[in-house]
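So the chains spell out like this:
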Amino acid sequence: MGSSIKKAVIPAAGLGTRFLPVTRSVSKVMLPVFNIPTIDFAVAELKKSGINSVAIVVSTLNYDIQKYFESASDMQIEFILQKEPNGLGDAILQSEKWVDGESFCVILPDDLIIGETSTIEQMISIHSSNNTAVLALKSVEDERVPFLGIVESQQIDISTHRIIKCVEKPKLEDAPSNLAIIGRYIFTNDIFKYIKQTTKGALGEIQITDAINAQATEKDVYGYQFPEEHFDTGNPSGLLEASIGYALKHPEKAPGLIRFIKSLNL
Ligand code: G1P
């Protein structure tokens, strides 16, 4: 059976301030996990799931991404300009015309998921059965809670939840749970309507979590708690952890690195 999701949006317009100074001239999504840019992992994950039509939302500074994908002839890659940074909700809204009425998926390249099974494919299957939005969820440590969207949910089975509400980057004491939204989303097309109704939220930006909340008050929104390993590459030490995690899974690529880590005797 062909996938019901044919299009994906990759927001990649972020300025990458946590990676300064390198992001003065290199886009954050071009920073490598081992030797592969994080955005390449996102595109490869989509390709594996049968999605070959991708829109990358960029800012004017992102010519390096366009150059990188110039020769990726097996993927249809469009670039969409976000004129100024105004939050994830606004970045996704820029793709409305391109998405053209369909349900679609969003991958945040900061969130690297490595595993045997495909998180996106599981999410597409939940979407296909219920025709709802689906968010990727993972239980996180207390110290990660203030940096993520956190959900209040009702568990349906071992890995599926019905979302009651999301709170964007709450203080730990205000968080409804430790279940965080990780950067994989399947959206029904009406998400654009909810984004347009959204006013500036956390950090003075248009937050996708606010739009999801509005949608969840009117219809079902599901969450999929995925078992695969997740790395947050959105900060320098997370990116380094991801490189080491990736190298340990591909020992043939990194025998020297593995010898070095073992020699540390931590
Ligand atoms: C975004 C979302 C947040 C989500 C996170 C996952 O935050 O707003 O809800 O938990 O991605 O990585 P950002 O990392 O862009 O600040």
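Residues numbered from 1 in each chain as written. Predicted model: local features only at pLDDT ≥ 70, side-chain atom pairs only at ≥ 80, totals over all residues. Heavy atoms only, no water.

A word on the pattern of salt bridges. When charged atoms on two side chains of opposite charge get close, those side chains can pair. On inspection of all chains with the given rule, the structure shows 11 salt bridges. The salt bridge partner of Lys-7 is Glu-102, with a shortest N-O separation of 3.7 Å. Taken together, the residues span a long stretch of sequence, with Lys-7 in strand S1 (residues 7–11) and Glu-102 in the loop between helix H4 (96–99) and strand S6 (104–107) at a distance of 95 residues. Look at Glu-102 and you get partly exposed, because its relative accessible area is 29%. The salt bridge involving Lys-219 is made with Asp-190; its shortest N-O contact spans 2.6 Å. Note that Lys-219 is positioned in the loop between helix H7 (208–218) and strand S12 (221–225) and Asp-190 in the loop between strand S11 (179–187) and helix H6 (191–197), a separation of 29 residues in sequence. On the basis of relative accessibility, which here comes to 31%, the residue Lys-219 falls in the partly exposed class. (Salt bridge = Lys/Arg side-chain N within 4 Å of Asp/Glu carboxyl O. Helix = DSSP H or I, 4+ residues; strand = E, 2+ residues; numbered from the N terminus. Buried < 20%, exposed > 50% of the residue type's maximum accessible area, 1.4 Å probe, protein only.)

All right, on to a nonpolar patch on the surface then. Where nonpolar side chains cluster on the molecular surface, the patch consists of Phe-260, Leu-264 and Leu-266 and spans about 380 Å² of accessible area. By the secondary structure assignment, Phe-260 is in helix H9 (residues 255–263). (Patch = residues over 30% accessible without salt bridge, like charges linked within 9 Å, V, L, I, M, F, W, Y side chains within 5 Å. Areas by Shrake-Rupley, 256 points an atom, 1.4 Å probe, with all protein chains shown as cover.)

In this fold, Thr-119 is placed in helix H5 (residues 119–130). The residues touching Thr-119, leaving out its near neighbours within four places in the chain, are Ile-113, Ala-136, Tyr-224, Phe-226 and Glu-228. (Contact = heavy atoms within 4.5 Å.)

What follows deals with the site of the ligand. Around the ligand lies a shell formed by Leu-88, Leu-108, Asp-111, Leu-148, Gly-149, Glu-168, Lys-169, Ile-181, Gly-183, Tyr-185, Gln-207 and Thr-209. With respect to the ligand, the side chain of Glu-168 contributes an N or O atom lying 2.7 Å from an oxygen atom. Protein contact buries 81% of the 380 Å² of open area that the ligand shows by itself. Here the shell around the ligand gets three residues from one element, more than from any other, and that element is S11. Class assignment of the residues belonging to the shell around the ligand gives a composition of five nonpolar, four polar and three charged. (Near = heavy atom within 4 Å. Polar contact = N/O pair within 3.5 Å; in protein donor to acceptor, adjacent residues only side chain to side chain. Nonpolar A, V, L, I, M, F, W, Y, C, P; charged D, E, K, R; others polar.)

Purely spatial values, then, with no claim about function.
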